[in-house]
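Each chain, letter by letter, is given below.
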Protein chains: 2
Amino acid sequence: MSPAAVKKQIHFNAFLMNCVAHLAPGQWTAEHDRATDYLKPDYWTDLARLLERGRFDAVFLADVLGIYDVYGASPDSALRTAAQVPMNDPLALIPLMSQVTQHLCFGVTCSLSYEHPYTFARRISTLDHLTSGRIAWNIVTSYLDSAARNIGLDRQLSHDERYDVADEYMEVCYKLWEGSWEDGAVVKDRVRGVYADPSKIHAIAHAGRYYKVPGIHLCEPSSQRTPVLFQAGSSGRGKHFAGNHAECVFVAAPTRDIVKRNVADIRAQAAALGRNGETDVLIFAMFTVIVGRTTQEAHDKLEQYRARASHEGAATLLSGWTGIDLATYQPDDTLTYVDTDAGRSALASFSSADPTRTWTVDEAIDFVSIGGRGPVIAGTSTEVADELEEWIDETGLDGFNLAYVSAHQTFEDIVELLIPELQRRGRYRDEYEPGTYRQKLFARGARLPASHPGSRYRKHEKPTSEPVVNAHS
Amino acid sequence: MSPAAVKKQIHFNAFLMNCVAHLAPGQWTAEHDRATDYLKPDYWTDLARLLERGRFDAVFLADVLGIYDVYGASPDSALRTAAQVPMNDPLALIPLMSQVTQHLCFGVTCSLSYEHPYTFARRISTLDHLTSGRIAWNIVTSYLDSAARNIGLDRQLSHDERYDVADEYMEVCYKLWEGSWEDGAVVKDRVRGVYADPSKIHAIAHAGRYYKVPGIHLCEPSSQRTPVLFQAGSSGRGKHFAGNHAECVFVAAPTRDIVKRNVADIRAQAAALGRNGETDVLIFAMFTVIVGRTTQEAHDKLEQYRARASHEGAATLLSGWTGIDLATYQPDDTLTYVDTDAGRSALASFSSADPTRTWTVDEAIDFVSIGGRGPVIAGTSTEVADELEEWIDETGLDGFNLAYVSAHQTFEDIVELLIPELQRRGRYRDEYEPGTYRQKLFARGARLPASHPGSRYRKHEKPTSEPVVNAHS
C-alpha cells in the first residue's frame, strides 16, 4: 500500500465536566437526560464503559474553578441554569472510570495557578500509577477572575505573566517527573531489604522566581512519568507555550480555512522549537455531533435540543467566555470580531462563529446554546463521517473533542451509529493499541520523546531507543 | 435490659498509607506480603472488600507530604527501606474503594497547611457526594520541615501559629460547607428550567487574617456537608483545637492510666466548649493486633515479624517523629521522657513507650519497628478481645485505629478470627448501621450536631430536629 493510500486515523475524545450543564445548558430538564446524576458513580462508570466500547481515546474533563458571574454582573443566572456550577472536582472521577475500563484514557484539566507543583505532581503520578499510564493533563492558566479572588488574589496575574509562571511550573513538574528518580532506582530487593537505591534518586534543587522545591519527587516513576500534555493556548504567547510543551493541542474551529492556518501555525511553532510538527503534536477541535438514522431524524433531534436550550444559560456562558456582560446589550446589537492576543473580546472568544458574517447578540447566544463555541454537525452517520473526514483532510486536524448535548444519548448515538461507519472507512481504530495513553496516541514509547523539552530534565540516563509499538494493523 | 448491661461497642478503623512501609518497615520483603502492590487498584479494592466483610468503620489513610530525612541527616535510609516514601496521594484511593463497598467509610489525612481551603473544600465535597456521605477528614497541621520547604516556605510556621491558621481554615471550610448553600437551594425544577435557587445560595464573604474567600462554595451540599472530623492533637493547643472541632480524636496509648487521663481531658475540653464530651466525641487509640489460632501461633507470627523488621527503617521513622537524629547516638544511650507542648522531644513523641522505665535507643527503635508508636498485642482471639475490652472499659476509649504489619494478612486474621469473637461478646456490630459515616458513628443525623461549632455557620435555616437513626439492635 502506498503512503498516499493510508488514510489518516481520526481520534475522538469525549468532552465533559463534573457538573450538570457543560456546553448545552437546559438539556438537563429533559426527563431522559442523565446530567443531574453527575453526583452518582454510575453516571461516570456507565459513560466510561460506553466510550471504551466506542474505542474513544479518552474522557476529557474540563474544569473551571470559579463561577460565571459576568452576565448581569451576578452569579444568579449561572446558578439558576446550572451553567458550569455546581462544579465538582474532576480528579475524583478518574479512579472510578479507570476501574471499569482497560484502555480508555483520561485527560484532566488542572489550572496550574491554583495548586503548588509539588503536591500537583504527586496527584498526577498517583493517577498515572493507578491507571497504568492512562493520564493526560490539560494545562490551563485560569481565566475566571472569580476563581482568582477566591484563592486570595485580588485579581489574576497579567496574561503574559501567567505564562511565565506556567513555564516555571512546567520546569518544576519535569524535574519531579523526569529528573528525580532514575530508571532503575526502584530495585525492590527483598533479600537485601532495599526498596530503592538512593544514589539514583535526586533532589531537584529548584530555586526559581516563583517556586522553590529543594526535594525529591514523592512518587516513584509511573509508566508515563510526565502525563500526556494537552494545551489550548490560542494567543501568541499561548501558541508559543503550546508549541513548546503540548503533545496535543485544542484549537478553535470557526471555519476550515482558519483551522487550517491555526494547525499549520502550531506545527510550525513546534518545529521552530526543535520538535517534529507533524508527528510530535496532535491537534483536536471541539465539535458537537448529532447522529440520526436518517437526515430528518438527526435534524429533528437538533431542533428538539434547540427548543430545550436555555437562552439564559447560554448568555451566562458566553458572557463569561468573552468577559462582556451581554445583559447590557440589546438582542439585536451586533458583535464585532476583534482578534486580540488575549482572545477575550467579543467574537474572538466566540471561536466557532464565522467572523466574516454579522452576528447579533441573540444569534450568538443561540449559537452557543448547543455545543458551546464549537461547530455543530447533525446528520446520518454517512453525512457526519463525510464532514469529519473533510475537516481532517482539509485542515490537518488529528481528531475531535466531542461535546455532548444530551447525557449520555449523544455519545450513545456516536458509538452505535457513527463509529461503525468510520471503522468501515478505515478511519477509526477497530481495537485499541496496547500500552499507555502516549503509546496509543503516538505508537511509540510510553515516555516523552527525546524531542520534547521535558526530556531534557532526565538525569544520568543513557539515551534509549524507545521501543516502537505498532499500531493495530 | 438495664443500661449497665449494655456493653460499649468497639469501633475499628484500618490504618494505612498509600505507600510500601507505613508502620512496619521491612515487612514488604516477605514473599507473601502485598505491600509492594500499593500502586495497583486491586490492592486497595481487595482490602476494602475484606474490611467491609469485617464491618470495619473505615479505612483510615494517613499521609505525609515530605520525607523522613532526620536520621543520618539524609533521606537515604527512608528511600532504601521505603519508610513512608515513595508516598502517593491518598485521595485517589477513595473512589476505588468506595466503588466496591456500600458501607465502609474513608478517613483521609489532609494537611491544611498545604492546600487552599477553597479548592480543598471542593475536593472533599466531591468525594462525599460520590460516596453518599462516607468521608472523614483527619485535620493535620504538618510536622515535617521537608514538606514545608518543598512548597516554598523556608520553614514551618510556629506550632501555635499553625493552630491559628488552622482555626481560620476551619472557619472558611464551615462557611463553604455549612453556610453557602441552604437546604432546599437545589430545586431541580425541570418545568421552569431552574436547577438552583440563587436566593438560597450565599457568597461567604470571608476576609480573615490568612484567607480571603468572597464567593460561594462550588459544590451543592453533600449528605454530610462537613465530613466527619478527626484530629490527633496531643499538645495543649492541639487538645483545645480537637476539643473544639474534632468529632473523633486519636490518642497516643502508652499506658492505660495515661490514656484514661487523656480521654478524660479531651471529653472535659469538649464539654468546656459547650459540647457533650461523652456523646459528641469518639476517641480512638492506635494499636497493632496480631491474632493467631493459638497463643503460640500468634507469638510465632510476631517473632517472624520482628525478625523481618527493618532496624534502619524504624530508626528513620523514629528520628522523623522525634526530630532527633538517632544516628548520632550510641545504641545503648538512654532516652528521657520530656512531655513538651510541641511533643517532639524524645519519648514524648514515642508515645506508646512506657515513660516509667528506661529505654535505650536500640530498644526504642526495635519497639517502633512493629506498629510504630502504638502498642502491639499478640494472642488468640480470646486473649486479644479480653485486652481490647479492658482498654475500652478502663480508659473510656471508643475504638482503635488498627495498624497492619503484613499486608493484608494482619487484617485477614482480624476479620476471620477476632471480629467473630467480639461479635459473640456483643461488643462489635453484626451489621452496619444505615446512612452516612456520621450516622453510623453517632446514630443520629448526617449533619454536624447543633452542639458543634461548625453548625453555627448555617444560614437561614430553621433548627431542625435531626432524625434519629437507630443503631442495629
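Our subject is the structure that appears above.
Just so you know, these numbers come straight off a predicted model, no measurement behind them.

Caption draft 1: Expanded view of the pairing of strand β2 (residues 58-62) of chain A. Residue and element names in this part refer to chain A. Among the five residues that make up β2, five are buried, leaving the element largely enclosed by the rest of the structure. Going residue by residue along β2, you find Ala58, Phe60 and Ala62 tucked away on one face and Val59 and Leu61 tucked away on the opposite face as well. One ladder, built from five bridges, connects strand β1 (residues 11-17) with β2; its direction is parallel. Opposite Ala14, over in β2, you have Val59 as the bridge partner. The parallel pair β1 and β2, bridged by helix α1 (residues 41-53), forms a crossover whose chirality is right-handed. Where β2 meets strand β3 (residues 105-111), four bridges bridge the pair, whose relative direction is parallel.

Caption draft 2: A look at the interface of chain B and chain A. Contact with chain B, which involves 69 residues of that partner, is made by 69 residues of chain A. Interface of chain B and chain A: buried area, both sides summed, is about 6100 Å²; carbon and sulfur atoms make up 61% of it. One salt bridge in this structure joins Glu115 of chain A and Arg123 of chain B, with 3.2 Å as the shortest N-O distance. Within the residue set of the side of chain B that touches chain A, elements represented by two or more residues are α1 (41-53), α2 (76-81), α3 (93-99), α4 (117-130), α5 (145-150), β5 (186-189), β6 (194-196) and β8 (212-213) of chain B.

Caption draft 3: Structural view of the packing of aromatic side chains. Residues and elements named next belong to chain A. Overall, the coordinates contain 48 aromatic pairs over all chains when judged by the stated rule. Taking 5.8 Å as the distance between ring centres and 35 degrees as the angle between the ring planes, the aromatic pair formed by Phe230 and Phe284 counts as tilted. With Phe230 in strand β9 (residues 228-231) and Phe284 in strand β11 (residues 282-292), the pair connects residues that are 54 residues apart, well separated along the chain. Using a relative accessible area of 0% as the deciding quantity, one classes Phe230 as buried.

Caption draft 4: Main features of the pattern of salt bridges. Residues and elements named next belong to chain A. Considering all chains together, one arrives at 71 salt bridges over all chains under this definition. Measuring nitrogen to oxygen at the nearest pair gives 2.6 Å for the salt bridge that ties Arg80 to Glu312. Here the residue Arg80 occupies a position in helix α2 (residues 76-81), and Glu312 occupies one in helix α10 (residues 311-322), the gap between them amounting to 232 residues. Two residues, Arg427 and Asp393, come together in a salt bridge whose shortest N-O distance is 2.4 Å. With a gap of 34 residues between them, Arg427 in the loop between α13 (409-424) and α14 (437-442) and Asp393 in helix α12 (residues 381-395) connect regions that are remote in the sequence. Several salt bridges converge on common partners, so that one network encompasses Asp386, Glu389, Asp393, Glu421, Arg424, Arg425 and Arg427.

Criteria and thresholds
- All chains use their own residue numbering, which begins from 1 and follows the written sequence.
- Whichever chain is written first is A, and whichever ligand is written first is 1; the rest continue in order.
- Predicted model: local features are reported for residues with pLDDT of at least 70 only, side-chain atom pairs are reported and counted for 80 or more only, and whole-chain, interface and lining totals are derived from all residues.
- Excluded from the side-chain calculation are hydrogens and water; included are all heavy atoms of the structure.
- Only protein chains enter the accessibility calculation, which uses a 1.4 Å probe; a residue is then buried when its area is under 20% of its type maximum, exposed when over 50%, and partly exposed in between.
- Secondary structure is summarised from DSSP: a helix means a run of H or I of at least four residues, a strand means a run of E of at least two, and numbering begins at the N terminus for each.
- If DSSP finds at least two bridges between two strands, the strands pair.
- Note on handedness: a crossover is taken as right-handed if, strands pointing away from the viewer, the path from the first strand over the helix to the second is clockwise.
- Contacts were defined at the residue level, with two residues in contact if any of their heavy atoms lie within 4.5 Å.
- Buried area is calculated as the accessible area (1.4 Å probe) missing from two parts once they are joined, with the contributions of both summed.
- Definition used for salt bridges: Asp or Glu carboxyl oxygen within 4 Å of a side-chain nitrogen of Lys or Arg.
- Here a Phe, Tyr or Trp ring, Trp counted by its six-membered ring, pairs with any other such ring whose centre lies within 6.5 Å, and the pair is stacked when the planes are under 30 degrees apart, edge-to-face when over 60, and tilted otherwise.

That's the geometry; what it means functionally is another story.
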